[in-house]
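Coordinate inspection notes
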Amino acid sequence: MTIDDYADWAATVAKVPPPPASERLAYLGLGLTGESGEVAEHVKKLLRDGTLDQAAMAEELGDVVYYWASLCATLGLKPSEVLAASKAKISARLAR
Ligand SMILES: [Mg+2]
């Protein structure tokens, strides 16, 4: 499965509000923020306890990708192109 295939699938199963688009984007953006917070919580526990629940972290990273892919699909962006642009941006920064 490619990231583009995943985004197409995510767009079909996401339980998001119908248009207007702004509400759909807000819902997905809040979902992405919430899942990112769950990742941060595992990092906090690593700092506090010295251990990381690798399986739980992997699950949360998947949740992040789900909302990210759904946002890409909602905005009509092809995830593989977003990733390529990100790679090019970071590579240019590292080259400076
Ligand atoms: Mg989660």
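Predicted, not measured: the structure shown is a model, and the values here were computed from it. (Residues numbered from 1 in each chain as written. Predicted model: local features only at pLDDT ≥ 70, side-chain atom pairs only at ≥ 80, totals over all residues. Heavy atoms only, no water.)

**So, the coordination of the magnesium ion**
When four donors bind a metal tetrahedrally, each ideal donor-metal-donor angle is 109.5 degrees, and when six bind octahedrally, the ideal angles are 90 or 180 degrees. The following threshold applies: Water is not among the atoms examined, so metal sites may look incomplete; donors are the N, O and S atoms within 2.8 Å of the metal, or within 3.2 Å for Na, K and Ca. The numbering of helices and of strands both runs from the N terminus, where a helix is a DSSP run of H or I of at least 4 residues and a strand a run of E of at least 2. Only protein chains enter the area calculation, which uses a 1.4 Å probe; residues under 20% of their type maximum are buried, those over 50% are exposed, and those in between are partly exposed.
Looking at the magnesium ion, one finds its protein donor set to be Glu35 (OE), Glu38 (OE), Glu60 (OE) and Asp63 (OD), positioned 2.1 to 2.7 Å from the metal centre. Look at where the donors of the magnesium ion fall in the sequence and you get E-x2-E-x21-E-x2-D. Of the two residues, Glu35 and Glu38 are both situated in helix H2 (residues 21-49); the distance of three residues between them amounts to about one turn of the helix. Judged by relative accessible area, Glu35 falls into the buried class, the value being 12%.

**Observations regarding the packing of aromatic side chains**
What counts, and what does not: Pairs were defined over the aromatic rings of Phe, Tyr and Trp, the Trp ring being its six-membered one, requiring ring centres within 6.5 Å. Orientation was assigned from the angle between planes: stacked under 30 degrees, edge-to-face over 60, tilted for the rest.
This structure, assessed with the given rule, holds three aromatic pairs. For the pair Tyr6 and Trp9, a centre-to-centre distance of 5.4 Å together with 50° between the ring planes defines the contact as tilted. One end of the pair, Tyr6, and the other, Trp9, are both in helix H1 (residues 3-13), three residues apart, so they sit about a helical turn from each other. Between Trp9 and Tyr66, the ring centres sit 6.3 Å apart and the planes meet at 65°, which makes this aromatic pair edge-to-face. In this pair, Trp9 is assigned in helix H1 and Tyr66 in helix H3 (residues 54-74), connecting sequence segments 57 residues apart.

**Section: the UniProt feature "domain: NTP pyrophosphohydrolase MazG-like" (unreviewed entry) in the chain**
Heads up, the rule is: UniProt positions are given in the numbering used here, feature names are shortened, and annotations may be inferred rather than shown by experiment.
According to UniProt, the "domain: NTP pyrophosphohydrolase MazG-like" (unreviewed entry) feature falls on residues 30-93. As annotated, residues 30-93 comprises 88% helix and 0% strand, and the C-alpha atoms at either end are separated by 29 Å.

**A word on H3**
Structurally, the α-helix is built with 3.6 residues per turn, so residues lying three or four positions apart point the same way. Stated formally: Multiplying one less than the number of residues by 1.5 Å gives the expected span of a helix. Any two residues whose heavy atoms approach within 4.5 Å at even a single point are treated as in contact.
Compared with an ideal rise of 1.5 Å per residue, which puts 21 residues at 30 Å, H3 spans 30 Å between its outermost C-alpha atoms and is within 8% of the ideal. Those residues of H3 lying buried are Ala56, Met57, Glu60, Val64, Tyr66, Tyr67, Ala69, Ser70, Leu71 and Cys72. Each element contacted by the buried residues of H3 is listed here: H1, H2 and helix H4 (79-95). Looking one or two residues past H3, Gly76 carries a phi angle of roughly 75°, positive in sign.

**Brief notes about the environment of Leu71**
Note on placement: Leu71 falls in helix H3. Remark: the alpha-carbon pair of Leu71 and Ala11, spanning 60 residues in sequence, is separated by 8.4 Å. What Leu71 contacts, discounting residues up to four positions off in sequence, is Leu25, Leu28, Gly29 and Leu32.

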